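Examination of the molecular architecture
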Amino acid sequence: MDTKGTAVEINGFEEMGKCETVSLTDATDSKVENEREFWTNKVESLLSLIGYCVGLGNIWRFPYFCMRNGGGTFLFAFLVFLIICGLPMYFVDMAIGQFTGRTALHAWELCPLLKGIGAGVLLVLVIISSYYTIIIAWTLFYLGNSFLSPLPWRTCNNRWNTDKCITDRSLQIISNETSSNETEYGRMLPINLGNASTFPVKMVTSEEEFFQRGLLEVSEGLHEIGGIPWHLAVCYLAAWVILYLCLVKGIRSSGKVVYVTAILPYVLLTVLLIRALFLPGAKEGILFYITPDLRRLGDLQVWLEAALQVFYSLCPAWGPIITLASYNKFNNNCYRDSIMLTFICEGTSIFGGFVVFAVVGFMAERTGMTISEVVSTGPGLVFMAYPEALAQLPMPNVWSVMFFLMLLSVGMDTQFSHMETIVTALLDQFPFLRKKRTIIHALVCVIWFLFGLIMCSQGGMYVFQLMDWYIGLSIPVFGFIELLIIGWIYGTERFSQDVTMMIGYGIPVVMRIAIIFVAPAALLFVFVFAFGTYEAPSYGSYKYPTYATAIGVLIGTVPLVPVVVMAYRAIKNSQGNSFVERISNACKPSVNWKPGSKKHARNYQYPELKEYKTFWSKLKVNIFGRDCNKN
């Protein structure tokens, strides 16, 4: 490594000299500390973290990625990235949140130069929360219709159906002698229109028409926003009312709700899996899921999508993990919890994959299609393919109710965490508002409801797809910066001493190596390769115009602005005779960097380990650890 390093390496590895300490007991935010809430018990903490990480991506993104990337080959790459990248980042978020007892907005005082990542991730969550609730609204609409018999998405005689509607998916792949042209929905099917000559027409399943026309009443494109269907607006309002009632008392209410919302998905997934295993074709679907295609191991796309799935389903660097961990007791074993929660949450993705592919195998068997033709991603899997499969089971209403209850649970849990992160950050910034939490929650819900109404419009799906496509652009950058701060600026040895204060022992060598080298390298690979293989968004056959792409890029990059602005302010306000000195001082923890525990904060001292003269000695102590007081 270059011993000169970069500007951001100055404080971490080049300011370590003789063993000195700097007291941080003069922090000014004791009022926030005194009013900080905690989880009632350990179970609430674990269930809340599980509920946040186990989201809709585990149900609709993971199976699709697995299918198109070689089945078992993708599972192998997924597990590799989970261990080398997902676990270290999850642990960093957990430890930072628990140590500081603060949200992502305030937790990065250990490096004022880059603490803008807290504001950046908060901005990401504000944008996500504005459109995520529409998925809950869709789920409520399907849940309500699951009590009707017959299920409305299984018939073609409803007001929204067209003469192209079919209830048998296999009709979509009937050979057509008049045309060999294919569409994304299947082949063109010749029909007779009275005296008109026979010509091919695209046929559409009843499930798709229910989603596109019955629920969304979708328009022709982003240029045609259209009106707001009343049924969707009602469901959207109901979703926000439910969220408000569950969060009105903060963690005192959400901590109780997670007993249902975090556990229910596992119960329902297990019941669905048991039923699905007895379906014809289920075995073939599962074998397709777990059988590796060894030829794909050298395909970089497989590794990229495996890394993305870990990043988007485990959710490190998004902010809520820090916030949820901030409610833990100071001496909670966050290292053990991180390992356990990482494998529980991502094990859910794998477990859910068995359920999905068992059902998909049944669909392939029944329709005569291949499994790859049945599986789709995003709303297509959850709101079209899955309802179609469940409708073909005995007592279809029962299975549909169970499935959409499961979706409602995982969606609610994730949105709970998004909203709690934002509201708690606001209350930490303005402690006098804590006594008005009920009003603050109401105002936040109303503002988001009004802003998100555009998602209920006939062009709302195009807005939703655009925002969802681009909003994650900045998250790998935030993750990389987090690891840069802990591994290279603050230093893993200092961080290990902070962890020791909480749990009684420091960070193992393997975890230190992952934080310093492996995880940052993996994130850099993800960002560079994803950028190089970028594709513009689309929705079905609709291609977004250039101006929409520009808007999307703006949405994705705006969260990075606070990082730049706050870095400039930190350098401007720091002391030093040269630019390098000012950057060095801006990298040092502020007076607000201290334990969240009042007892430990009183005597907390930040160690300036200055006995290590060379770059390699500094690197060595950060990898292997050493107590400077013994030297």
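Since we're looking at a predicted model, the values are computed, not measured. (Residues numbered from 1 in each chain as written. Predicted model: local features only at pLDDT ≥ 70, side-chain atom pairs only at ≥ 80, totals over all residues. Heavy atoms only, no water.)

Details of the overall build of the protein
Looking only at helices and strands, the protein features 28 helices and nine strands. Within the span of the protein, comprising 631 residues, buried residues form 59% of the whole. Summarising the internal contacts of the protein: among those between residues at least 6 apart in sequence, 83% fall at separations of at least 24. Here the protein has roughly 25,100 Å² of accessible surface; of this, 64% comes from carbon and sulfur atoms. (Helix = DSSP H or I, 4+ residues; strand = E, 2+ residues; numbered from the N terminus. Buried < 20%, exposed > 50% of the residue type's maximum accessible area, 1.4 Å probe, protein only. Contact = heavy atoms within 4.5 Å. Areas by Shrake-Rupley, 256 points an atom, 1.4 Å probe, with all protein chains shown as cover.)

Let's talk about the pattern of salt bridges
In the structure shown here, the tally under the stated rule is eight salt bridges. The salt bridge involving Asp299 is made with Arg296; its shortest N-O contact spans 3.3 Å. Glu493 is the partner of Arg512 in a salt bridge, and the nearest nitrogen-oxygen pair spans 2.9 Å. Remark: Glu493 occurs in helix α22 (residues 492-503) and Arg512 occurs in helix α23 (residues 509-532); sequence separation between them is 19 residues. Exposure remark for Glu493: the relative accessible area of 5% places this residue in the buried category. Three or more residues are tied together by salt bridges with common partners; here these are Lys42, Arg336 and Asp337. (Salt bridge = Lys/Arg side-chain N within 4 Å of Asp/Glu carboxyl O.)

Remarks on the nonpolar core
Core analysis: the biggest nonpolar cluster contains 195 residues, and Phe91, Trp108, Ile134, Trp138 and Phe211 have the highest contact counts within it. Residue contributions to this core peak at 18 residues, all from helix α7 (residues 116-145). (Core = buried A, V, L, I, M, F, W, Y, C linked by side-chain atoms within 4.5 Å.)

Concerning helix α18 (residues 396-429)
With 34 residues, α18 should cover 50 Å at 1.5 Å per step; its first-to-last C-alpha distance of 50 Å lies within 8% of that length. Among the 34 residues that make up α18, 29 are buried, leaving the element largely enclosed by the rest of the structure. (Expected span 1.5 Å × (residues − 1).)

What about α22?
Under the 1.5 Å per step criterion, the end-to-end length of α22 is 16 Å for twelve residues, consistent within 8% with the ideal 16 Å. Across the twelve residues of α22, nine count as buried, placing the element largely inside the fold. Buried within α22 are the following residues: Thr492, Glu493, Arg494, Phe495, Ser496, Asp498, Val499, Met502 and Ile503. Backbone geometry just after α22 places Gly504 at a positive phi near 95°.

Things to note about the packing of aromatic side chains
Applying the stated criterion to the full structure yields 45 aromatic pairs. Judged by centre distance (5.7 Å) and plane angle (90°), the rings of Trp138 and Phe383 are edge-to-face. Here Trp138 is found in helix α7, whereas its partner Phe383 is found in helix α17 (residues 379-391), with 245 residues between them in sequence. When sorted by exposure, Trp138 lands in the same class as Phe383, which is buried. Arranged with centres 6.2 Å apart and planes meeting at 70°, the rings of Phe430 and Phe432 form a pair that is edge-to-face. Overall, the relative accessible area of 55% leaves Phe432 in the exposed class. Aromatic rings pair up to connect Tyr131, Trp138, Phe141, Tyr142, Trp153, Trp160, Phe210, Phe211, Phe383, Phe403, Phe404 and Phe464 into one cluster. (Phe/Tyr/Trp six-rings, centres within 6.5 Å; stacked < 30°, edge-to-face > 60°.)

A few points about the side chain of Glu482
With respect to the helices and strands, Glu482 occurs in helix α21 (residues 475-489). Those residues in contact with Glu482, other than ones at most four positions away along the chain, are Val92, Asp93, Trp108, Ile117 and Ala317.

Describing the confidence of the model for the protein
Regions with low pLDDT should not have their predicted coordinates read in detail. Per-residue pLDDT for the protein has a mean of 83; in total, 84% of the residues score no lower than 70. Here residues 1-34 is modelled with pLDDT under 50, and outside its nearest four sequence neighbours on either side it reaches 104 contacts, counting other chains as well. Residue range residues 173-199 is modelled with pLDDT below 50. Its contacts to residues more than four positions away, or to other chains, number 42 contacts. (pLDDT = per-residue confidence, 0-100.)

Points about the state of the cysteines
Within the structure shown, the criterion is met by one disulfide. The side chain of Cys156 participates in a disulfide bridge whose partner is Cys165; the two sulfur atoms lie 1.9 Å from each other. Its torsion about the S-S bond being -70°, the disulfide of Cys156 and Cys165 is classed as left-handed. Residue classification places Cys156 among the partly exposed positions, given a relative accessible area of 30%. Cys456 takes part in no disulfide bond, and the closest cysteine sulfur to it belongs to Cys235, at a distance of 8.9 Å. Taking the relative accessible area as the measure of exposure, Cys456 reaches 0% and is therefore buried. (Disulfide = S-S within 2.5 Å.)

So, unusual backbone geometry
The omega torsion across Ser149 and Pro150 is 0°, close enough to zero to call that bond cis. For Cys315, which is not glycine, the phi torsion reads 65° and is therefore positive. Within the fold, Cys315 resides in the loop between α13 (300-314) and α14 (320-325). Judged by relative accessible area, Cys315 falls into the buried class, the value being 9%. Positive phi values are uncommon outside glycine, yet Met395 reaches one of about 50°. Secondary-structure assignment places Met395 in the loop between α17 and α18. With a relative accessible area of 57%, Met395 lands in the exposed category.

Remarks on the environment of Phe78
Summarising the element assignment, Phe78 is placed in helix α6 (residues 72-100). Taking the relative accessible area as the measure of exposure, Phe78 reaches 0% and is therefore buried. Each C-alpha atom of the pair Phe78 and Cys66 lies 9.2 Å from the other, and the pair is twelve residues apart in sequence. Sequence-distant contacts of Phe78, that is, excluding residues within four places in its chain, are made with Phe62, Ala306, Gln309, Val310, Glu346 and Ile350.

Focus: the side chain of Thr492
The topology assignment puts Thr492 in helix α22. Discounting residues that sit within four places of it in the chain, Thr492 has contacts with Ile486, Gly487, Ile507, Arg512, Ile515, Ile516, Asn622 and Ile623.

Some remarks on the packing of α6 against α22
Between α6 and α22, the shortest axis-to-axis distance is 11 Å and the interhelical angle comes to 60°. By the angle between their axes, α6 is oblique relative to α22. By crossing handedness, the relation of α6 to α22 is classed as left-handed. Together, Phe91, Val92, Ala95, Ile96, Gln98 and Phe99 of α6 and Phe495, Asp498, Val499, Met501 and Met502 of α22 make up the contact between the two elements. Classifying every residue of the contact of α6 with α22 by side-chain character gives nine nonpolar, one polar and one charged. (Axes fitted to C-alpha atoms, helices over the stretch in contact; angles between N-to-C directions. Parallel < 35°, antiparallel > 145°, perpendicular 65-115°, else oblique. Left-handed = near helix turned anticlockwise from the far one by under 90°. Nonpolar A, V, L, I, M, F, W, Y, C, P; charged D, E, K, R; others polar.)

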